[in-house]
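Spelled out, the chains give:
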Amino acid sequence: MLKKGSKLNSILTGSCPKCQNESMYLDKNPLHLTKVLKMNENCSHCGLKYQLEPSFFYGAMYVSYGLNVAVGIAAFIVSFVFFGVTIEQSFLSIVITLIVLFPFVLRLARNLYINMFVSYDPKSVQK
């Protein structure tokens, strides 16, 4: 499922979208909150510059918004429909879920966004 060369591999692992040989992030653990957005400038294998243009990852905020809406709806459905809690408790479950998943959604949005513009190239070599 997560074979090298698939966009899903790059999105879920946070690896370089062009060569998929290394992580784009300085610290692979998204739970280190002070380093969650720290990225390498370039890929050391293929030389891809991750910041494709100035303020490139501002566009990832829109992706993050959509992901957070989806997570919020899923949290509501699970809490209200399946567990039968009150609306107030459902709202609380949405807030807690969004806070807990914040670093994961943030990185996932960046991974999705850069993969919209850069495709895997098996011939990519060090420049």
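Computed from a predicted model, the values in this text were never measured in an experiment.

Calculation rules
Residues numbered from 1 in each chain as written. Predicted model: local features only at pLDDT ≥ 70, side-chain atom pairs only at ≥ 80, totals over all residues. Heavy atoms only, no water. Helix = DSSP H or I, 4+ residues; strand = E, 2+ residues; numbered from the N terminus. Buried < 20%, exposed > 50% of the residue type's maximum accessible area, 1.4 Å probe, protein only. Contact = heavy atoms within 4.5 Å. Phe/Tyr/Trp six-rings, centres within 6.5 Å; stacked < 30°, edge-to-face > 60°. Axes fitted to C-alpha atoms, helices over the stretch in contact; angles between N-to-C directions. Left-handed = near helix turned anticlockwise from the far one by under 90°. Nonpolar A, V, L, I, M, F, W, Y, C, P; charged D, E, K, R; others polar. Disulfide = S-S within 2.5 Å.

**Some thoughts on the environment of Y120**
So, point 1. With respect to the helices and strands, the residue Y120 is situated in the segment after helix 3 (87–117).
So, point 2. By relative accessible area, which is 29% here, Y120 ends up partly exposed.
So, point 3. In sequence terms Y120 and K18 are 102 residues apart; their C-alpha atoms lie 4.2 Å from each other.
So, point 4. Leaving out residues up to four positions away in the same chain, Y120 has contacts with K4, G5, P17, K18, C19 and Q20.

**Digging into the packing of aromatic side chains**
So, point 1. Taken as a whole, this structure holds five aromatic pairs when the rule is applied.
So, point 2. Between the aromatic rings of F56 and Y113, the centroid separation amounts to 4.9 Å while the plane-to-plane angle is 45°, which identifies the pairing as tilted. Taken as a pair, F56 in the loop between helix 1 (7–13) and helix 2 (60–82) and Y113 in helix 3 lie far apart in primary sequence, 57 residues in all. Of the two residues examined, F56 and Y113, each falls in the buried class.
So, point 3. Taking 5.5 Å as the distance between ring centres and 70° as the angle between the ring planes, the aromatic pair formed by F56 and F117 counts as edge-to-face. Here the residue F56 occupies a position in the loop between helix 1 and helix 2, and F117 occupies one in helix 3, the gap between them amounting to 61 residues.
So, point 4. Here a set of aromatic residues connected by ring pairs shows up, and it is made of F56, F57, Y113 and F117.

**Side note on the packing of helix 2 against helix 3**
So, point 1. The interhelical angle for the contact between helix 2 and helix 3, taken along N-to-C directions, is 145°, at an axis separation of 7 Å. Our pair here, helix 2 against helix 3, has a crossing hand that is right-handed.
So, point 2. Of the residues contributing to the contact of helix 2 with helix 3, the split by class is 17 nonpolar, seven polar and one charged.

**Looking at unusual backbone geometry**
For residues other than glycine, phi is negative in most cases, and the peptide bonds are mostly trans.
So, point 1. A positive phi angle, near 55°, is found at Q20, a position not held by glycine.
So, point 2. Secondary-structure assignment places Q20 in the loop between helix 1 and helix 2.
So, point 3. The exposure class of Q20 is buried, given its relative accessible area of 9%.

**Let's talk about the state of the cysteines**
So, point 1. Counted by the stated rule, this structure contains zero disulfides.
So, point 2. C43 forms no disulfide, and the closest cysteine sulfur to it belongs to C19, at a distance of 3.4 Å.
So, point 3. Classification of C43 by relative accessible area gives buried; the value is 3%.
So, point 4. C46 takes part in no disulfide bond, and the closest cysteine sulfur to it belongs to C16, at a distance of 3.6 Å.

**Section: the environment of F57**
So, point 1. Residue placement: F57 occurs in the loop between helix 1 and helix 2.
So, point 2. By relative accessible area, which is 7% here, F57 ends up buried.
So, point 3. The spatial distance from the C-alpha of F57 to the C-alpha of C43 is 16 Å, given a sequence separation of 14 residues.
So, point 4. Residues contacting F57, with those up to four places away along its chain left out, are M39, Y50, Q51, R110, Y113 and I114.

Geometric values such as these leave the question of function open.
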